[in-house]
Amino acid sequence: MGKQALGNDPFAAGATVRIRHLMPPGHVRAPAYIRGKRGTVERVIAPFKNPEQLAYGLPATEQMLYRIRFSATELWGDLAENPRDFIEAEVYAHWIEPQDHSHAT
Amino acid sequence: MNKKTNGHRWHDMGGQDAGSVPQDQHDFSLWEKRVDALMILASAKGYFTVDGLRRSLEDMGEDAFESMSYYERWIASINQNLIESGAYTLEELGAKMAQVQTRGETYGEASLG
Amino acid sequence: MPHDHHDHLSPAGHPYRADDDTPLSYWQTMEIAVRELLVEKNVTTPEEISAQIDKMDARSPAIGSAVVARAWVDPEFKQRLLKDGSAASLEMGFDVGPMHLIAVENTEDTHNIVVCTLCSCYPRNLLGLPPDWYKSRAYRSRTVKEPRKVLSEFGVTLGENVAVRVHDSTADMRYVVVPVRPQNTEGLSEAELASLVTRDSMIGTGVARDPSA
């Protein structure tokens, strides 16, 4: 783990990212309200075993875990209580795509 | 009639509308503390993960969330995970539960201390 | 099962809800059966279960309050706490075990609040068991979308120029909020300061108590 220069790693602290808009059934930890939304990497945490595998008693591979920051307006639009407010969630690497490579949903 | 879904699961509550936050607090009873202890010990000993516990709670569905207490759902989930990991069989569990029920009408009588 | 000393008071002195005279439910029957099967199969022992109950009883908001009070009086400790919450707690003799703790600080312009929208993840090894409201549908649903309305239900009003920072505890981290130190507390001891730090202020649904109030 560790931060890399912003130009080399799309998922370094400060990078703009988008959460993938997938809707699989089953035990996933990316809440629906952030899927398809844009945020910034607040910090790179560390690799952790994928809960989507642990939940089913399967051998689990490690995924880098990130904290992603979303503005309230990005998530809720006009319903946001205050444009200064923001929400941070922990998201595993396979749920994140670089902002540049996403298509709008 | 089929109920349509877009895949948004019931337990994924962030951003949904809901009423005011209930402020009542219940005292923990002994059986609830035991459920908590069993969860910590059995997961620490490798019989299941907290992820398996959560998955089982989610799969119980929304009706369970509405009709069962927190620790009732937890013991159901702990048991589900223990069955899946082979800690004991359904037959053993069924026989033991039947035997427990013969001990008396109350938790105090049935739990032998 | 040997005599269980938990039948009246927990070691921390909290009365258990008397359930000895309530009708035995299916789920209580399951708890007894599961526990006895696990003992019979040598997965655990009655002593180990009792010890685990005691261990959990010993975890309470007082631990978090002591850590916050230390952060208030010792700026370098606060920096270490904000960098690595688990290590800083351990410095004070509080072993939060395998829990990964992130401490976040309230300031003049930011108020932190913690929620687990997907279930009820909570820093239990620092603060003890979570309150029922934390696990409720209403708290889990509304806190990420209308934190200020939720805060007003808890009696907390924030200025328009204060940003709310909501932490959704979705994975392996657990969170504790360092509330703002109340005014006019310079003369207080660390223990006195700790008594001002409420559990709710460490979740973000409250603020530290004002000693003059």
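So, a few notes on the structure that sits alongside this text. (Residues numbered from 1 in each chain as written. Chains lettered and ligands numbered in written order. Predicted model: local features only at pLDDT ≥ 70, side-chain atom pairs only at ≥ 80, totals over all residues.)

Bringing the interface of chain C and chain B into the picture now. Facing the 54 residues of chain C at the interface are 56 residues of chain B. Element by element, the count of residues in the side of chain C that touches chain B is highest for helix H1 (residues 26–40) of chain C, at 12 residues. Split into classes, the residues belonging to the side of chain C that touches chain B amount to 25 nonpolar, 10 polar and 19 charged. (Contact = placed C-beta atoms within 7 Å. Helix = DSSP H or I, 4+ residues; strand = E, 2+ residues; numbered from the N terminus. Nonpolar A, V, L, I, M, F, W, Y, C, P; charged D, E, K, R; others polar.)

Moving on, we come to unusual backbone geometry. Residue and element names in this part refer to chain C. With a phi close to 60°, Asn42 is a non-glycine residue in the positive phi region. Here Asn42 lies in the loop between H1 and helix H2 (46–57). With phi around 60°, Asn184 is a residue other than glycine that occupies positive phi space. Structurally, Asn184 can be placed in the loop between strand E4 (173–178) and helix H9 (190–194). Judged by C-beta crowding, with 9 C-beta atoms within 10 Å, Asn184 ranks as exposed. (Buried ≥ 20, exposed ≤ 12 C-beta atoms within 10 Å, placed from the backbone.)

Interfaces are often sized by the accessible area lost when the parts come together. With 11 residues of chain A in contact, the opposing surface of chain B contributes 13 residues. Its residues placed into classes, the side of chain A that touches chain B shows nine nonpolar, two polar and no charged.

Looking at soluble globular proteins, one finds that nonpolar side chains tend to be buried together. Of all hydrophobic cores here, the largest spans 67 residues; its most connected members are A:Ile87, A:Val91 and C:Val68. Considering each element in turn, this core owes the most residues, six residues, to helix H3 (residues 61–73) of chain C. Setting aside residues no more than four positions away along its own chain, A:Ile87 makes contact with A:Phe70, A:Ala72, A:Leu75, C:Val144, C:Val166 and C:Asp168. Counting residues in hydrophobic clusters, the runner-up holds 30 residues, among them B:Trp31, B:Ile75, B:Ala76 and C:Ala33. (Core = buried A, V, L, I, M, F, W, Y, C linked by C-beta atoms within 7 Å.)

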